Amino acid sequence: MRDRDTAPPAPGFWTLASVEGWERFAIQGAKSLLTLFLVTDLLTRGGGTVLGMARLRAAIEGVTGAHGDIAFASQLYGLYGALTYLVLPLGGWIADRSGQRRRAMYVGAALMTLGLLALASRSWALPGLAFLIGGIGLLKGNLAAEVGALRGGSGGERLYAAYLAFLNGGALLGPLIGGWLALRVGFAAAFVAMAGSMIAAILILRTAQPVRLVDVPVTDRHGTDWPRVILAIVAVTLCFCAYEQLTNMVLLWAEERVDLTIAGLTVPPSWLAAMDGLFTIALAMIAYRVWPRLPHEPDPALKLVAGGMAIALAYGLLAWLSGAAGAIGLGGPICVAALLSLGVVLSWPSALAIVAAAAPPSRRGLMTGLFYLHGFVAHLVVGELGALYPRMAQPHFWAIHAAFALAGAAVALMIPRGQATTTSTPASAPA
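A few points on the structure. Everything quoted here is computed from the prediction, not taken from an experiment. (Residues numbered from 1 in each chain as written. Predicted model: local features only at pLDDT ≥ 70, side-chain atom pairs only at ≥ 80, totals over all residues. Heavy atoms only, no water.)

Evaluated as defined, the whole model comprises 14 aromatic pairs. Where tryptophan 348 meets tyrosine 372, the ring centres are 6.4 Å apart and the plane angle is 45°; that geometry is what we call tilted. Here tyrosine 372 lies in the loop between helix H14 (364–371) and helix H15 (373–386) and tryptophan 348 lies in helix H13 (residues 331–357), a separation of 24 residues in the sequence. For the pair shown, tryptophan 348 and tyrosine 372 are each scored as buried. (Phe/Tyr/Trp six-rings, centres within 6.5 Å; stacked < 30°, edge-to-face > 60°. Helix = DSSP H or I, 4+ residues; strand = E, 2+ residues; numbered from the N terminus. Buried < 20%, exposed > 50% of the residue type's maximum accessible area, 1.4 Å probe, protein only.)

This part is about the state of the cysteines. For the structure shown, the criterion picks out zero disulfides. Cysteine 239 takes part in no disulfide bond, and the closest cysteine sulfur to it belongs to cysteine 241, at a distance of 9.1 Å. Judged by relative accessible area, which is 0%, cysteine 239 ranks as buried. (Disulfide = S-S within 2.5 Å.)

What follows is about the environment of serine 123. Tracing the sequence through the fold places serine 123 in the loop between helix H5 (101–121) and helix H6 (125–148). Relative accessible area serves as the criterion here: at 30%, serine 123 is assigned to the partly exposed category. Apart from residues no more than four positions distant in its own chain, serine 123 is found in contact with Thr49, Val50 and Leu51. (Contact = heavy atoms within 4.5 Å.)

This next bit is on the nonpolar core. Counting residues in hydrophobic clusters, the biggest one holds 127 residues, and the most contacted among them are Phe13, Leu116, Phe191, Met194, Tyr315, Trp348 and Trp398. Here this core takes 16 residues from helix H1 (residues 13–42), the largest share from any one element. Apart from residues no more than four positions distant in its own chain, phenylalanine 191 is found in contact with Ala30, Leu33, Phe37, Leu116, Leu119 and Ala120. (Core = buried A, V, L, I, M, F, W, Y, C linked by side-chain atoms within 4.5 Å.)

We now examine the pattern of salt bridges. Counting across every chain of the model gives seven salt bridges. Put simply, glutamate 20 and arginine 24 hold a salt bridge, and the shortest N to O gap is 3.1 Å. Here glutamate 20 and its partner arginine 24 are both found in helix H1, four residues apart, which amounts to about one turn of the helix. Arginine 24 sits in the buried class, given a relative accessible area of 6%. Between glutamate 244 and lysine 31 there is a salt bridge; the shortest N-O distance is 2.6 Å. One end of the pair, glutamate 244, is in the loop between helix H9 (226–243) and helix H10 (249–257); the other, lysine 31, is in helix H1, with 213 residues separating them in the sequence. Across the pair, exposure class does not vary: glutamate 244 and lysine 31 are buried alike. Three or more residues joined by partner-sharing salt bridges are found here, namely Glu20, Glu23 and Arg24. (Salt bridge = Lys/Arg side-chain N within 4 Å of Asp/Glu carboxyl O.)

Structure below.
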């Protein structure tokens, strides 16, 4: 996509955001299929056909004590998702220390491509997940850090809201196309398509001008406001401990309980995740346009509170739907997806903007990586909660997730008000 010299966003933004869109096509597509891939394909073949699967399953079940394909699939989903976030601070630190952020991003994209091809092979699925984890660690956080180095005419929240729209363009198409391919052709075809999206990301990244920082005066430098950082990360983490169940047990629940036929056509459960992406794109672009037009824009911490409340409402609705007998129509799950999208649009850009504003430019890669640790904790929690799904009443299961989101909103209320939350980065220019 051709860059436009608009303010905001800054020149260079559109190219980097397009790379993020293709990367998310791969990440979210694979993520939305992982639990179903394990339960309906890999685990039905027996652990011996997948390199390392039997040993890994014995190790996980030896620690958690949970047994059964659904419990193991949920725990592996959670472990994989958690590790993709745990490595982000390391990837940011490597780029910060080496000064080779763009090179780290290329290596990460290449590793992700190899990982997706390994998933398509089935027998190398676990090494493929390891390649994906390493690649995401080098690409995802550093890509967001380069976007954070761009300064248009807006604050950080508008910039990240536009970035969130591109992110969810990929999050929409990945489950949509990947789910259709998995249903009609097979999981291998879906993973090969996602590997193709990473090749597209590499080619687009080659057209992006390098981003360099302009030196800032010593008087403009400041230390990290750790209280704001910690509270924002804790709040968004609690919200995502609920939200991330969407691509795990919510999809399995949809396959079991929801009538997935539209005009005689059966749609894959992963399309619910695609709907979430579609709603998020629309809501993020509305926020991008609406916030500056308000006489008094809400404080980002208050947006974070509202985001937690929206996610809690989504899981409250899911608990109510689960109490009904028989098949559930698509209308209710679509409303759940819309509320989850609203929660993400309100909470994610606001929390990231708070963290970005609270740190000096020299720590951008590391701080972005620390922010993404919310995904590490959330995926571990989601994986363990998912293991409870077969063993408890569904309304109670979803009520637990609503409680997590409410706790996130409560923590966000403790974030101090009144501090500027635009990105604290200096002006940047293409080198």
